[in-house]
Amino acid sequence: MTVPPSPMRHRQPSDDGMTRVELTWIEKRIEHWIRFGRVAVDEIVDRRRRIVRFRPGAIFAFVRWAANDYGTVSSRIDIVRAVGTGEPFTTLPFVRPGGDILLKIEGWPKVSQVLAAIDATEAAGVDPCDAAPDHWRHVHNRISAGHEPRPYTLERHRAWLKRREIEQ
């Protein structure tokens, strides 16, 4: 069986300046989904694939999971800031052109810790898209080192908003 080419591989960057993420859902085999993020455009390609687009500066969590007949093959989560035209970026599979990677974690035990940190951020009353980018870098560093990340509190969020306000 041949796999049709990905529609993203042959597309040229468009003038809209948005970051594109290809999502795939083949039950019990491949699951790519967005855990959080403000999707600007959602395009259905076919029953199993969608392409979502994010505006520059948007922060989103992209989860990738794959399995075979014997179980999970890979689990990964990336928290990414969509970049604008001319900004430097890091390439990432299924993300065009790429993005500013704030967090990159592999392996289900660590991915589940990141998902718990996202849940805790939401429980604190903060949309994870709006949390300080430095918080996601902190979560990446702590989990990578085998430590528990500090929770993102409403007080930390208010401090981030004030810092962002004076930096503009």
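In what follows, the structure referred to is the one given above.
As the structure is a computational prediction, the values presented were derived from the model and not from experiment.

Draft legend 1. Structural view of the packing of helix H1 (residues 108–123) against helix H2 (residues 133–144). Where H1 meets H2, the closest approach of the two axes is 11 Å, and the angle between their N-to-C directions is 145°. In the packing of H1 onto H2, the handedness of the crossing is right-handed. Together, Lys 110, Gln 113, Val 114, Ala 117, Ile 118 and Thr 121 of H1 and His 135, Trp 136, Val 139, Ile 143 and Ser 144 of H2 make up the contact between the two elements. Considered class by class, the residues forming the contact of H1 with H2 number 6 nonpolar, 4 polar and 1 charged.

Draft legend 2. Quick peek at the nonpolar core. Ranked by size, the top nonpolar core spans 23 residues in total, and within it Phe 36, Ile 77, Ile 79, Val 114, Ile 118 and Trp 136 carry the most contacts. Sorting the residues of this core by element identifies strand S5 (59–68), strand S6 (71–82), strand S8 (95–106), H1 and H2 as the ones contributing at least two each. Here the element with the most residues in this core is H1; it accounts for 5 residues. If you look at the next biggest cluster of nonpolar residues, it comprises 12 residues, including Val 21, Phe 60, Leu 92 and Val 95.

Draft legend 3. The arrangement of the packing of aromatic side chains in detail. Following the criterion strictly, the structure yields 2 aromatic pairs and no others. When the ring of Phe 54 is compared with that of Phe 60, the centres are 4.1 Å apart and the planes differ by 5°; the resulting orientation is stacked. Summarising the burial analysis for this pair, Phe 54 and Phe 60 share the class buried.

Reading guide: rules and limits
- Residues numbered from 1 in each chain as written.
- Predicted model: local features only at pLDDT ≥ 70, side-chain atom pairs only at ≥ 80, totals over all residues.
- Heavy atoms only, no water.
- Axes fitted to C-alpha atoms, helices over the stretch in contact; angles between N-to-C directions.
- Helix = DSSP H or I, 4+ residues; strand = E, 2+ residues; numbered from the N terminus.
- Left-handed = near helix turned anticlockwise from the far one by under 90°.
- Contact = heavy atoms within 4.5 Å.
- Nonpolar A, V, L, I, M, F, W, Y, C, P; charged D, E, K, R; others polar.
- Core = buried A, V, L, I, M, F, W, Y, C linked by side-chain atoms within 4.5 Å.
- Buried < 20%, exposed > 50% of the residue type's maximum accessible area, 1.4 Å probe, protein only.
- Phe/Tyr/Trp six-rings, centres within 6.5 Å; stacked < 30°, edge-to-face > 60°.

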